[in-house]
Amino acid sequence: MQEQARANFDYSEIMENIRARKKEFGRQLLILTHHYQRKEIVDLGDFAGDSFELSRKAAADNDCRYIVFCGVHFMAESAAILAQPHQVVQIPNVNAGCWMASMAESATVREAWDRIAEVSGTARVIPVVYMNSDAELKAFCGSRGGTVCTSSNASRAVQWAFEAGEKILFFPDQHLGRNVGFDLGLKPEDMIVWSPGKPLGGNDPDAVRRARMILWDGYCLVHTRFTVEQIAKMRSEFPDAKIVVHPECTREVVALSDACGSTSYIVKYVKEAPSGSTIIIGTEINLIHRLALEYPDKKVIDLHNSLCPNMFKINLGNLLWTLNNIGKVNVVSVPEQVKAQAKVALDRMLSLP
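Residues numbered from 1 in each chain as written. Predicted model: local features only at pLDDT ≥ 70, side-chain atom pairs only at ≥ 80, totals over all residues. Heavy atoms only, no water.

**Q** Whenever I open this one, helix 4 (residues 73-82) confuses me. Can you help?
**A** An α-helix turns once per 3.6 residues; consequently, residues spaced three or four apart project the same way. Among the 10 residues that make up helix 4, 9 are buried, leaving the element largely enclosed by the rest of the structure. Burial in helix 4 covers these residues: Phe74, Met75, Ala76, Glu77, Ser78, Ala79, Ala80, Ile81 and Leu82. (Buried < 20%, exposed > 50% of the residue type's maximum accessible area, 1.4 Å probe, protein only. Helix = DSSP H or I, 4+ residues; strand = E, 2+ residues; numbered from the N terminus.)

**Q** Is there a simple way to explain the sheet that holds strand 11 (residues 259-260) in this structure?
**A** Backbone hydrogen bonds hold the strands of a sheet together, and the pairing may be parallel or antiparallel. In space, the 4 strands of this open sheet follow the order 11-10-12-13, with parallel pairing throughout. Two strands close off the open sheet at either side, each with one partner strand: strand 11 and strand 13 (299-302). Relative to strand 12 (residues 278-282), strand 10 (residues 242-245) runs parallel, the two being bridged by 4 bridges. Within strand 12, the position partnered with valine 244 by the bridge is isoleucine 281. (Pairing = 2+ DSSP bridges.)

**Q** Even after reading the chapter, I still don't get the packing of aromatic side chains, so can you show me in this structure?
**A** Any pair of aromatic rings gets described here by the distance separating the centres and the angle formed by the planes. Taken as a whole, this structure holds 5 aromatic pairs when the rule is applied. Ring geometry for tyrosine 265 versus tyrosine 269: centroids 6.1 Å apart, planes at 40°, classification tilted. Residue tyrosine 265 and its partner tyrosine 269 are located together in helix 13 (residues 263-272), separated by 4 residues, close to a single helical turn. We classify tyrosine 269 as partly exposed; its relative accessible area is 22%. Joined through ring pairs, the aromatic side chains of Trp113, Phe140, Phe171 and Trp216 make up one cluster. Here arginine 38 stacks its cationic end above the ring of phenylalanine 312, 3.6 Å away from the centre of that ring. (Phe/Tyr/Trp six-rings, centres within 6.5 Å; stacked < 30°, edge-to-face > 60°. Lys NZ or Arg CZ within 6 Å of the ring centre and 35° of its normal.)

**Q** Looking at this structure, how should I read empty space enclosed by the protein?
**A** Think of a ball as big as a water molecule: rolled over the atoms, this probe shows where empty space is left. Per the counting criterion, the structure on display carries 1 cavity of 30 Å³ or more. Of the pockets and cavities examined, the largest cavity occupies roughly 340 Å³. In terms of lining residues, the largest cavity is bounded by 28 residues, among which Tyr36, Phe74, Met75, Asn132 and Glu248 are the most central. For the lining of the largest cavity, the elements supplying multiple residues, two or more each, are helix 3 (51-59), helix 4 and helix 5 (99-102). Its residues assigned to classes, the lining of the largest cavity shows 16 nonpolar, 10 polar and 2 charged. (1 Å grid on protein atoms, 1.4 Å probe; cavity = no way out; pocket = protein on both sides within 12 Å on 5 of 7 lines; lining within 4 Å. Points joined across faces, edges and corners; volume = space filled by probe spheres on them. Nonpolar A, V, L, I, M, F, W, Y, C, P; charged D, E, K, R; others polar.)

**Q** Before we go on, may I ask you to explain the layout of surface pockets in this structure?
**A** If you add up the space inside the largest pocket, you get close to 190 Å³. In terms of lining residues, the largest pocket is bounded by 16 residues, among which Ser151, Ser155, Asp183, Pro247 and Cys260 are the most central. Listing elements by their share of the lining of the largest pocket, those giving two or more residues are helix 8 (154-164), helix 9 (174-183) and helix 12 (251-256). Of all the elements, helix 9 adds the most residues to the lining of the largest pocket, at 4 residues. Of the residues in the lining of the largest pocket, the class split is 6 nonpolar, 7 polar and 3 charged.

**Q** I keep staring at the environment of valine 68 and nothing clicks. Help me out?
**A** By secondary structure assignment, the location of valine 68 is in strand 3 (residues 66-70). Between the alpha carbons of valine 68 and threonine 33 there is a distance of 8.7 Å; along the sequence they are 35 residues apart. Once you skip the residues sitting within four places of it in the chain, valine 68 turns out to touch Leu29, Leu30, Ile31, Leu32, Gln90, Pro92, Leu319, Thr322, Leu323 and Ile326. (Contact = heavy atoms within 4.5 Å.)

Okay, here's the thing in structure tokens:
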């Protein structure tokens, strides 16, 4: 009992210290929290949302000097790319990475680009990189006529790329790419998977030449944990429920769901659902738990308990430590040349109709 009381005291004390630091810095400080952060982190943040949406909001705030991004590393990098010269971006835990982002490295993507060029040329190949990637890959796309996309605007980005070229190299998430391809009317044979490390990504030359979309063999471990068997079980238990999933899920799971969209889409879907609805969600568990608390008039259930351990590396302790060392520790910076080319790709995305 004494240990539990002590834990509660420490928990409350840390939160009060964080609030005190926020009050001290005032408008000079913005704490950004991704939707997948634990509830106590979101409650202490200034804004919650998707990574790019948060980065734009912070960069547009002229009063803000310090941006503390509670998310994974590529998100803080995106904030650093868009940040104004007087702004410093920090992340509470530099070890909060992203498995999917690490599945596509600059060297392997460049090698794939060269192999594709040998087979079919790259004059009409447009690279499209998902936001869940490091700054060097965004810069790669910027320097080669490509663009960045988010899970919200991936369809628009791919449509734009097909207007600009004949073939798309989409990375690092094959499932988002495949789901977008199907939505735009592509056939399975129009899309191939490129597995780095294999000759021609595991494909024959004719397949590479015929392909409309070349999908990088990357995926999100959180969203590939959802299965068709889980959907069948939930349909049996809750026949009147609606099932909504993230587009990083496999095609089979998306096809059996009632709706599919980004984290912001899922938040909006739950918000606008009629009172008394049962909504089963296939995404990171922290967001689902928070939505269940925010909308007690609706039954919000997880399709499967899927936690992102990297998001979970951000906690009250390292957030307070960052605020106590504002502008000094875990600063996220991007080389100017990389930043300039990455911003070209981001600006192309922002100009999409």
